[in-house]
Amino acid sequence: MSSNYTIKEYSLRDADYYMDHVPETIIQKLSEEECEHLKQIFSSALPNASPKLIDFRFVTNLTFARYFFVLLVGKDRYKKRKMNQVAPTSHPYHPFGKFIHRLTAMLLLLTMNLVVSMFVISFIYIILRLCGFDLSVRSPSA
C-alpha cells in the first residue's frame, strides 16, 4: 500500500502512517484481527513524549552544514527494555535534588544566553569597527 500522505516531522507519525508503508500484498494476506494487532504493535513501539520543564530547540543553518540544538530538562521517562535487566530503573530521589536540578538547568540556560549574547555583541562591534565607526567613549573637554 503506497502512502497517500507524507509526514516529515517524526513526532506527528502514528500507527496509520506506518501501516501505509506495509506492502498491499501483505495486507491482503492478513485478516482484520491481524491488521488491528499489527497496528497495536506499531502504536506500542512509537515513543510517547513526556512534558519537560524546559524544551528549547533551534536550528542553525550555515553555508556548509545545518546544526540542530536541543535542550530538554525534565524527568526521564524512557524505559530501557533489556531482556536480562535485574536492576530497577528508578532511583531514590531526594527532595532537595529537584531544587538543585532546576537551579542547574536555569544556570545552564542563562549561561548559554550570555554566551550567545556576547558572540552577537562582539560580532556587531567587529563589523562596526571594520566599517570605520569609532565606538570609544570620550569625555567632553571643558
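Small disclaimer: the values here were computed from a predicted structure and weren't measured.

Participant: I'm lost on the pattern of salt bridges in this one. Help?
Facilitator: Pairing of side chains with opposite charge becomes possible as their charged atoms draw close. With the rule as written, the count across this model stands at one salt bridge. For D16, the salt bridge goes to K39, with nearest N and O atoms at 2.9 Å. You can see D16 sitting in helix α1 (residues 15-19) and its partner K39 sitting in helix α3 (residues 32-45), a full 23 residues away along the chain. Given a relative accessible area of 35%, D16 falls into the partly exposed group.

Participant: Looking at this structure, I do not really get the pairing of strand β2 (residues 66-73). What am I missing?
Facilitator: The two faces of the sheet receive side chains in turn, since in a regular strand these alternate between them. Across eight bridges, strand β1 (residues 54-61) lies against β2 in antiparallel orientation. From the neighbouring strand, F58 faces β2, where its bridge partner is F69. Here β1 folds back onto β2, and the loop between the two strands holds four residues.

Participant: Could you clarify how one ought to interpret the packing of aromatic side chains in this entry?
Facilitator: Centre-to-centre distance and the angle between the planes together describe a pair of aromatic rings. The final tally for this structure, using the stated rule, is four aromatic pairs. Measuring from centroid to centroid gives 5.1 Å for Y17 and Y18, while their planes differ by 85°, and the two rings are edge-to-face. Between the aromatic rings of F58 and F69, the centroid separation amounts to 4.8 Å while the plane-to-plane angle is 20°, which identifies the pairing as stacked. You can see F58 sitting in strand β1 and its partner F69 sitting in strand β2, a full eleven residues away along the chain. By relative accessible area, which is 33% here, F58 ends up partly exposed. An aromatic cluster of three or more residues is present, and its members are Y17, Y18 and F42.

Each value, and the rule that gives it
- Residues numbered from 1 in each chain as written.
- Predicted model: local features only at pLDDT ≥ 70, side-chain atom pairs only at ≥ 80, totals over all residues.
- Heavy atoms only, no water.
- Salt bridge = Lys/Arg side-chain N within 4 Å of Asp/Glu carboxyl O.
- Helix = DSSP H or I, 4+ residues; strand = E, 2+ residues; numbered from the N terminus.
- Buried < 20%, exposed > 50% of the residue type's maximum accessible area, 1.4 Å probe, protein only.
- Pairing = 2+ DSSP bridges.
- Phe/Tyr/Trp six-rings, centres within 6.5 Å; stacked < 30°, edge-to-face > 60°.

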